[in-house]
Amino acid sequence: MVQKVKHDREVSLEYMKIFERERLIREDGYASGKEAELVEIIRRKQQKGLSADDIAEWLELNKEYVEKVMKLEELS
């Protein structure tokens, strides 16, 4: 039975699709976590009085991104 399943193309294809979906979900979760972490760091640096230029340079990020996060933080 196991040998039949191992050689069944449909089963193999379905397994690979599931494996790929799970990998994408893990990567998406990791990226979301990193994004939230960056926003929190930017918020803390802003509270300490650092400018968008300084924060962007310190974190090696795009200045426009940092400004957008800072603006969103001001609205909340």
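Reading the values: the criteria
Residues numbered from 1 in each chain as written. Predicted model: local features only at pLDDT ≥ 70, side-chain atom pairs only at ≥ 80, totals over all residues. Heavy atoms only, no water. Salt bridge = Lys/Arg side-chain N within 4 Å of Asp/Glu carboxyl O. Helix = DSSP H or I, 4+ residues; strand = E, 2+ residues; numbered from the N terminus. Expected span 1.5 Å × (residues − 1). Phe/Tyr/Trp six-rings, centres within 6.5 Å; stacked < 30°, edge-to-face > 60°. Lys NZ or Arg CZ within 6 Å of the ring centre and 35° of its normal. Core = buried A, V, L, I, M, F, W, Y, C linked by side-chain atoms within 4.5 Å. Buried < 20%, exposed > 50% of the residue type's maximum accessible area, 1.4 Å probe, protein only. Contact = heavy atoms within 4.5 Å.

J.: Explain the pattern of salt bridges here, please?
T.: In a structure, side chains of opposite charge can pair up when their charged atoms sit close to one another. Inspection of every chain in the model, using the stated rule, returns four salt bridges. The salt bridge involving Asp-53 is made with Lys-63; its shortest N-O contact spans 3.2 Å. With a gap of ten residues between them, Asp-53 in helix α3 (residues 52–59) and Lys-63 in helix α4 (residues 63–75) connect regions that are remote in the sequence. Note that Glu-67 is salt-bridged to Lys-63, the shortest N-O span being 3.6 Å.

J.: Teacher, can you tell me more about helix α2 (residues 9–47) here?
T.: What sets the pattern is the α-helix's 3.6 residues per turn: residues three or four places apart point alike. The terminal C-alpha atoms of α2, which comprises 39 residues, lie 57 Å apart, in line with the 57 Å expected from a rise of 1.5 Å per residue. Gly-49 sits one or two positions beyond α2 and adopts a positive phi of about 95 degrees.

J.: Where do I start with the packing of aromatic side chains in this structure?
T.: One pair of aromatic rings is described through two measures. These are the centre distance and the angle between the planes. The final tally for this structure, using the stated rule, is zero aromatic pairs. Sitting over the face of the ring of Trp-58, Lys-45 holds its NZ or CZ atom 4.1 Å from the ring centroid.

J.: Any chance you could explain the nonpolar core here in plain terms?
T.: One broad trend across soluble globular proteins is that nonpolar side chains are buried collectively. Within the largest apolar cluster, eight residues are counted, these being Ile-42, Ala-52, Ile-55, Ala-56, Leu-59, Val-66, Val-69 and Met-70. Among the secondary structure elements, those contributing two or more residues to this core are α3 and α4. Take this core: its biggest share by element is four residues, from α3. Ignoring any residue separated from it by four or fewer positions in sequence, one finds Ile-42 in contact with Ile-55, Leu-59, Leu-61, Tyr-65, Val-66, Val-69 and Met-70.

Just geometry here; none of it tells us what the structure is for.
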